[in-house]
Amino acid sequence: MGQYAQSSRAQRAVISIDWMLLVVAVMVMLFCIAAFIRITSDSTRPSPNSGLLSLSEADHLVAFQDFNHDVDGWTPTPAPPPSGVQGPVLGPFSDEHVERRFQLPIDTDHVLVRFDLQLHGPWAAGDALAISLSGHEPVALVPSGQADGAITWAIAGQDETGLAATVHQRGVAPPVGGSDQPVISLTITLQVPSPTEDLLLGFDADPPEGASWSLDNLAVVATTDGEA
C-alpha cells in the first residue's frame, strides 16, 4: 500500500508541473501576439529624431541608397571611394557641386529627407557645407563648438518657408587613410513642406586642403495624407 501511494503522488506531481509549463507558454504566446499587434498597428509618421524610419500607410519611400551597389542618379557620376575612406559611401567630394533629383508622387504634402554625412580631414571653424533643396534657401552645416577633441556641428540659415533641418552627431571615428584627423559622422534630417513634383537635393562645399566629405544611408519619404 505504501509503495502504491508514493507512486500515485509522484504521478500527480509530474502532471501539475506540466500544467504550469503550459500556462507559462500560453502567457508568453499571448504577450508576443499583443506586442506584434501594437507594432503593426502603429501609424505614426517617420520620426526625424529616431535612428529608423517607421512608415505609415500615408508614407511612400521614394528612395533609399546605402551605396553598397546603387549610385544611380547622382551628378557628377561618383567614382569608387579610394582606400582608407570608410565605405561604401557616395564620394568623397571636396569643392564640386553634387546633386540628385527625386520624382515625387502626385499630391505629396511634405517630404522627409535623411542622410549621413562623413567629414574627413581638417575641417575647422569657418568651413561650411551648404545643403540645398529646390524651392528653399540653402541651409548650411557649420561648426558650432568643440567636444572630446572634435568639432561639433549645427544647422544655420533656415528660411521662412517651413523647411526644418536638424543635425545629430553620431560619432567620431579614428583617422583613416594616413590622416591625423578623426572622421566625424553626422545624421542630417530635412523636413520639406509643400514640395513641387520633384525635389532637387544639392551639396556645395569649399573645404580646406586635405578635407572632404561623403554621403551615406540616404532616405527620401513622401507623405500624401494632407497633414502638417
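Our subject is the structure listed above.
Here the structure is a predicted model, which is why all the values come from computation and not from measurement.

Asks: Would you mind going over the pairing of strand β10 (residues 183–193) with me for this structure?
Replies: Every regular strand shows the same layout, with side chains that alternate between the two sheet faces. Across the 11 residues that make up β10, a large majority, 9, are buried. Pairing geometry for strand β5 (residues 110–120) and β10, over 10 bridges, is antiparallel. Across the sheet, residue Asp 116 finds its bridge partner in β10, namely Thr 187.

Asks: Just to check I follow, could you spell out the pattern of salt bridges for this structure?
Replies: For side chains bearing opposite charge, pairing can occur when the charged atoms are close. Counted according to the given criterion, the structure contains 1 salt bridge. Ionic pairing is found between Asp 198 and Arg 101, a salt bridge with its closest N-O pair at 3.2 Å. Linking Asp 198 in strand β11 (residues 198–205) with Arg 101 in strand β4 (residues 98–103), this pair joins segments that are 97 residues apart in sequence. The exposure class of Arg 101 is partly exposed, given its relative accessible area of 47%.

Asks: When you look at the environment of Gly 91 in this model, what are you seeing that I'm missing?
Replies: Within the secondary structure layout, Gly 91 lies in strand β3 (residues 90–93). Residue classification places Gly 91 among the buried positions, given a relative accessible area of 4%. With 123 residues separating them in the primary sequence, Gly 91 and Ser 214 have C-alpha atoms 4.7 Å apart.

Asks: It is not clear to me how the nonpolar core should be interpreted in this structure. Could you clarify?
Replies: It is characteristic of soluble globular proteins that their nonpolar side chains tend to be buried jointly. With 39 residues, the main nonpolar core has Phe 115, Leu 190, Leu 201, Phe 203 and Trp 213 as its most contacted residues. For Phe 115, the residues in contact, after removing those within four places along its chain, are Ile 131, Leu 186, Thr 187, Ile 188, Leu 190, Leu 201, Phe 203, Leu 215, Asp 216, Asn 217 and Leu 218.

Asks: Would you take a moment to explain the side chain of Thr 187 for this structure?
Replies: Structurally, Thr 187 is set in strand β10. Residue class for Thr 187 comes out buried when judged on its relative accessible area of 13%. Engagement of the side chain of Thr 187 in a polar contact is seen with the side chain of Asp 116, the distance being 2.8 Å. Filtering out sequence-adjacent residues up to four positions away, Thr 187 remains in contact with Arg 114, Phe 115, Asp 116, Thr 166, Val 167, His 168 and Arg 170.

Asks: Is there a simple way to think about the packing of aromatic side chains in this case?
Replies: For any two aromatic rings, the description comes down to two numbers: the centre-to-centre distance and the angle of the planes. The tally for this structure, following the rule as stated, stands at 5 aromatic pairs. Measuring from ring centre to ring centre gives 5.2 Å for Phe 203 and Trp 213, while their planes differ by 40°; the resulting arrangement is tilted. Remark: Trp 213 occurs in strand β12 (residues 212–223) and Phe 203 occurs in strand β11; sequence separation between them is 10 residues. Considered together, Phe 203 and Trp 213 belong to a single accessibility category, that of buried residues. Here the aromatic residues Phe 93, Phe 115, Phe 203 and Trp 213 are joined through ring pairs into a cluster of three or more.

What counts, and where the lines are drawn
- Residues numbered from 1 in each chain as written.
- Predicted model: local features only at pLDDT ≥ 70, side-chain atom pairs only at ≥ 80, totals over all residues.
- Heavy atoms only, no water.
- Buried < 20%, exposed > 50% of the residue type's maximum accessible area, 1.4 Å probe, protein only.
- Helix = DSSP H or I, 4+ residues; strand = E, 2+ residues; numbered from the N terminus.
- Pairing = 2+ DSSP bridges.
- Salt bridge = Lys/Arg side-chain N within 4 Å of Asp/Glu carboxyl O.
- Core = buried A, V, L, I, M, F, W, Y, C linked by side-chain atoms within 4.5 Å.
- Contact = heavy atoms within 4.5 Å.
- Polar contact = N/O pair within 3.5 Å; in protein donor to acceptor, adjacent residues only side chain to side chain.
- Phe/Tyr/Trp six-rings, centres within 6.5 Å; stacked < 30°, edge-to-face > 60°.

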